[in-house]
Amino acid sequence: MDLELTDDQGLFRETTAKFIEATCPIDTVREWSESEPHGFNRKWWSQGAELGWTSLLVSEEHGGGSVSGHGLLDLILVAEEQGRRVTPGPLLPVNVVAAALSEFGTSEQADRHLPGLLSGESIATWCIEAGRGSILPGGPRLQATKDGAGYRISGVTAPIEAADVADLFLAVADVDGVPIHVLVDAATPGVVVSEMESIDFVRRHGAVHFNDVSIGAGSLLGGVADASEQIDRLLDLAVVIQCASMSGAIDQVLGFTLEYAFDRYSFGRPLASYQALKHRFADHKIFAEASLATTVAAANAVDARAGDASELASTAKAYIAQSVTSELHDFVQLTGGIGTTWDHDLHLFIRRAVQERALLGSPADHRERIALILGLGAA
Amino acid sequence: MSTESTTDAAEDVESFRLRARAWLAENMPRIEGKSNADIAREDENGVYARKLQKILFDGGFAGLCFPVEYGGQGLSLAHQRAFTEESGPYQMPTVLNIPSLSILGATLLDFGTEAQKKRHLPKLISGEEIWVQFLSEPSGGSDLAGLVTKATRDGDIFHLNGSKIWSSGAFRADYALVLARTNPEVPKHSGITVFILKIHQPGVEIQQIKMATGANEFCQEFFDDVPIPIEDVLGKIDDGWTVASRLLFHERDAMGGGSPYLSGQGQRGHGTSNRSDLIELAESNGTLGDPAIRQLIAEAKINETVGEQLTARTATAIKQGLVPGTAGSIPRLYSAMTSERRQEINLEILGTAAPVWEPGAPSRQKSLDYLMRQGGSLGGGSNEMQRNIISERVLLMPREYAADKDKPFNEVLHNQTPTRPR
């Protein structure tokens, strides 16, 4: 969490945390993963939308609005609180597409799609993944060809969060090596979603197949023929949301594992009194604090559209994601055998972290992105 | 004292930045080829560093965060950061940052009497006096309060006997803060006093220690009945642990990169030198196009950026009272661990230039620095001590068992004072 929150932000964070605690504690997360067809309850998602979960990156003229005037700094409070509780729901994909529509969409596109996203009635997701290195220039993509005023699109984009429940896709495709962004209704002929199995059974992913899909010129996001800048911007927003979620998770797990170490006794003393364990907790504290620090710094830069926004977003993603999973496994080690069981919550955090680590650019992809920003192009 | 500068304490950071930028361009020599660290290495006796510091002082850009009445500029940390950023391309007396300005100057400011502060701080800030710390002893480093160097009182004079070690650059310094036992009949923390010691005087012998790299920056001192007048006690007699704790706080702050008492850039943790040196290194040995090398350069950059962000976050948390001042150990330990990693990255990028180089090759120092990989993890309290501090003071985990707790020091098992080699 940012240490310098405004009073309104503090209240917003607290309201968000209390709402999640009351409506979707981890027991409910587990229950929904079995009872709800998409892992979350749609009515509950609309309630979240009413609290502002979908509107923070959308301008006021489009019906959105932030708490502090810095929508991304508000949104990371939600993402962090969700990360603390392995919350379900399409927070990242909906916000990324909503931001895209608000920032880049034509007024026709924004008017058509935003009201449903803001209210929670409809769901959208961003389709950039199409293989290793998708976030990098020249990475694998859907292929598009000009077709009169519009395009025909083919290929598979996967894995895509909330693909199974999305009404709208914002897809990245290449036209002769130049990326475009197209808005595609899920009901468009030729668009087929297939289920995938996800390690994170709370937030699910699918594959979106484009079988020679015909797209009108009006579907081009903002009517822009080269979406490179849009992609960078959305990627920055997306990874900051991921980072907030991961740092919330780490801080939460550190908290409850530390409590366990105080409560659990061996050889007549609490685990917390053993120096071998204390030193590891000290290292975890450093990782938790560094994760929060780099997330907030990245969020500030991306919110302000600073010159180093992409560098700092990728710094946060590469730093946190490189170690988050092994950190969580060390908490399993500190917890002991019980930490490896289904009933213990640790595996839910690990499942989520494995997903967030790999998607929207692996740590290595983000290091490569930084190298490119530093001017170290491929030889 | 500065004669021409009448810095307005309310000057906003951006206009200060512009003023500093113009002044630096006008007055300070630029770095050409050599880094500040290279310059410091060649300036063994600190003569050039003193000269640079005097230029800063006369221009009104020394001791930015020290109060005006003691020769500083009374400005904020934001001003200091702006100056530090602007000073990047210039030769700076960074060798004076740690420990003279950011540790000793800061501690003197906290505990000095008005007379002590008036007497020493302006000279310390102008570079006329260089200060060091005499803390660790050959008998043990981590258990600092278990020190055995003693100061025996005789009226208004104390007589100092014993030995100190790991003081950096004592041979070029003028004064030291020295911790000595003044009462062995009480538990260890309650019988220590801090003294201001004039270094170059009869009875003080300094030996430079030759390190693994061949460098001889660190020293050992031997004290043979050195007289110290009572007015050179810093803080209260027998209450030196209070002063030492504060000094150690300033040390963590300085090593972690959070200190406001600096003269320009550089000299934070070991090994975090300027940003482009790895790129230059890879360029010079033709590996810049290697994807694996690019990954390492990006990793080094990430670790450095996150370190700055962590330092800033911790400073804010301390200021807001969310964590105790001992949380300074968080960026301190981070910096030490990433410095170790940075040394490994250096080794990887150096390739065969790590073990063998053409005589005088520019990469030579990087190769030698590797031999001191653990320097940042030992100096200023080992990583293990930092982990104790973080777990016990920040996470509030149970303290380690101490056999000397509440026992008079003279009943505690401890090492003996080493005698001076003859």
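Each value, and the rule that gives it
Residues numbered from 1 in each chain as written. Chains lettered and ligands numbered in written order. Predicted model: local features only at pLDDT ≥ 70, side-chain atom pairs only at ≥ 80, totals over all residues. Heavy atoms only, no water. Helix = DSSP H or I, 4+ residues; strand = E, 2+ residues; numbered from the N terminus. Rg over C-alpha atoms; globule rule 2.2 N^0.38 Å. Contact = heavy atoms within 4.5 Å. Areas by Shrake-Rupley, 256 points an atom, 1.4 Å probe, with all protein chains shown as cover. Buried < 20%, exposed > 50% of the residue type's maximum accessible area, 1.4 Å probe, protein only. Lys, Arg positive; Asp, Glu negative; His and termini not counted. Charge placed at Lys NZ, Arg CZ, Asp CG, Glu CD. Core = buried A, V, L, I, M, F, W, Y, C linked by side-chain atoms within 4.5 Å. Domains from an automatic or database assignment. Buried area = accessible area lost by both parts, 1.4 Å probe. Salt bridge = Lys/Arg side-chain N within 4 Å of Asp/Glu carboxyl O. Polar contact = N/O pair within 3.5 Å; in protein donor to acceptor, adjacent residues only side chain to side chain. Nonpolar A, V, L, I, M, F, W, Y, C, P; charged D, E, K, R; others polar. Axes fitted to C-alpha atoms, helices over the stretch in contact; angles between N-to-C directions. Parallel < 35°, antiparallel > 145°, perpendicular 65-115°, else oblique.

> Teacher, can you tell me more about the overall build of chain B here?
The number of helices and strands found in chain B is 13 helices and eight strands. Here the C-alpha atoms of chain B give a radius of gyration of 22 Å, agreeing with the 22 Å that 2.2 N^0.38 yields for 422 residues. Overall, the C-alpha framework of chain B stretches about 65 × 50 × 50 Å when taken along its three principal axes. Here the analysis covers contacts within chain B between residues at least 6 apart in sequence; of these, 74% occur between residues at least 24 apart. On chain B, roughly 18500 Å² of surface is accessible, and the fraction owed to carbon and sulfur atoms is 53%.

> Can you walk me through the overall build of chain A in this structure?
In terms of helices and strands, chain A carries 11 helices and nine strands. Relative to the globule expectation of 21 Å for 379 residues, the C-alpha radius of gyration of chain A, 21 Å, shows essentially globular dimensions. Taken over 379 residues, chain A has a buried fraction of 61%. At a minimum sequence separation of 6, the contacts of chain A that also span at least 24 residues come to 75%. On chain A, roughly 14100 Å² of surface is accessible, and the fraction owed to carbon and sulfur atoms is 50%. Chain A carries 27 positive and 51 negative side-chain charges, and their two centres are separated by 6 Å.

> I would appreciate a short explanation of the nonpolar core in the present structure.
Within soluble globular proteins, side chains that are nonpolar tend to cluster in buried spots. Residues and elements named next belong to chain A. Within the largest apolar cluster, 135 residues are counted, with the highest numbers of intra-cluster contacts made by Leu72, Trp126, Phe210, Phe281, Leu328 and Phe331. Sort the elements by how many residues they give to this core and helix H7 (residues 228-263) lands first, with 17 residues. Apart from the residues lying within four places of it in its own chain, the contact partners of Phe331 are Ile250, Val253, Leu254, Thr257, Phe281, His284 and Leu346.

> It is not clear to me how the side chain of Gln53 of chain B should be interpreted in this structure. Could you clarify?
As for its placement among the helices and strands, Gln53 of chain B is situated in helix H3 (residues 47-58). With sequence-adjacent residues up to four places away left out, Gln53 of chain B is seen in contact with Ala62, Pro93, Leu96, Leu101, Ile125, Ser126, Gly127 and Ser263 of chain B.

> Please explain unusual backbone geometry as it appears in this structure.
Pro159 of chain A follows Ala158 of chain A through a cis peptide bond whose omega is -5 degrees. For Pro159 of chain A, the position within the fold is in strand S3 (residues 150-161). Residues Ile98 of chain B and Pro99 of chain B are joined by a peptide bond in cis, for which omega reads 5 degrees. With respect to the element layout, Pro99 of chain B can be found in helix H5 (residues 97-111).

> I would appreciate a short explanation of the domain arrangement of chain A in the present structure.
Residue and element names in this part refer to chain A. Along its sequence, chain A is organised into domain 1 (7-91 + 98-122), domain 2 (125-226) and domain 3 (229-373). The distance between the C-alpha centroids of domain 2 and domain 3 comes to 29 Å. The partner domain 3 presents 21 residues to the 20 residues of domain 2 that form the contact. In this assembly, domain 2 packs against domain 3 so that about 1900 Å² is buried in total across both faces, 69% of it on carbon and sulfur atoms. Seen at the junction of domain 2 and domain 3, the total is one salt bridge. Taken together, the connections running from domain 2 to domain 3 amount to six residue pairs in polar contact (both at pLDDT 80 or more). Of all elements in the fold, only strand S4 (168-175) and strand S5 (178-185) reach the threshold of two or more residues within the side of domain 2 that touches domain 3. Grouping the constituent residues of the side of domain 2 that touches domain 3 by class yields 14 nonpolar, three polar and three charged.

> Can you help me understand the interface of chain A and chain B in this one?
How big an interface is tends to be stated in terms of the accessible area lost upon association of its parts. In this complex, chain A contributes 36 residues to the contact, which on the side of chain B involves 37 residues. When chain A packs against chain B, close to 3300 Å² is buried across both sides, 68% of that on carbon and sulfur atoms. Sorting the residues of chain A by area buried against chain B places Leu3, Lys278 and Ile286 of chain A first, and these three jointly supply 20% of that buried surface. Where chain A touches chain B, the interface holds six salt bridges. Connecting chain A to chain B are 15 residue pairs in polar contact (both at pLDDT 80 or more). Secondary-structure elements contributing two or more residues to the side of chain A that touches chain B are H7, helix H8 (275-303), helix H9 (309-335) and helix H11 (363-373) of chain A. Considered class by class, the residues forming the side of chain A that touches chain B number 22 nonpolar, six polar and eight charged.

> I tried to follow the packing of H9 of chain A against helix H9 (residues 291-319) of chain B on my own but got confused; where do I start?
Pairs of packed helices are described in terms of their axes, by the angle between the two and the distance that separates them. Orientation of H9 of chain A relative to H9 of chain B, taken along the N-to-C sense of each, is 95 degrees, at an axis distance of 10 Å. It follows from the interaxial angle that H9 of chain A and H9 of chain B lie roughly perpendicular. Residues Glu311, Leu312, Thr315, Ala318 and Tyr319 of chain A of H9 of chain A form the contact with H9 of chain B, whose own contacting residues are Lys301, Ile302, Asn303, Thr305, Val306 and Gln309 of chain B. Of the residues contributing to the contact of H9 of chain A with H9 of chain B, the split by class is five nonpolar, four polar and two charged.

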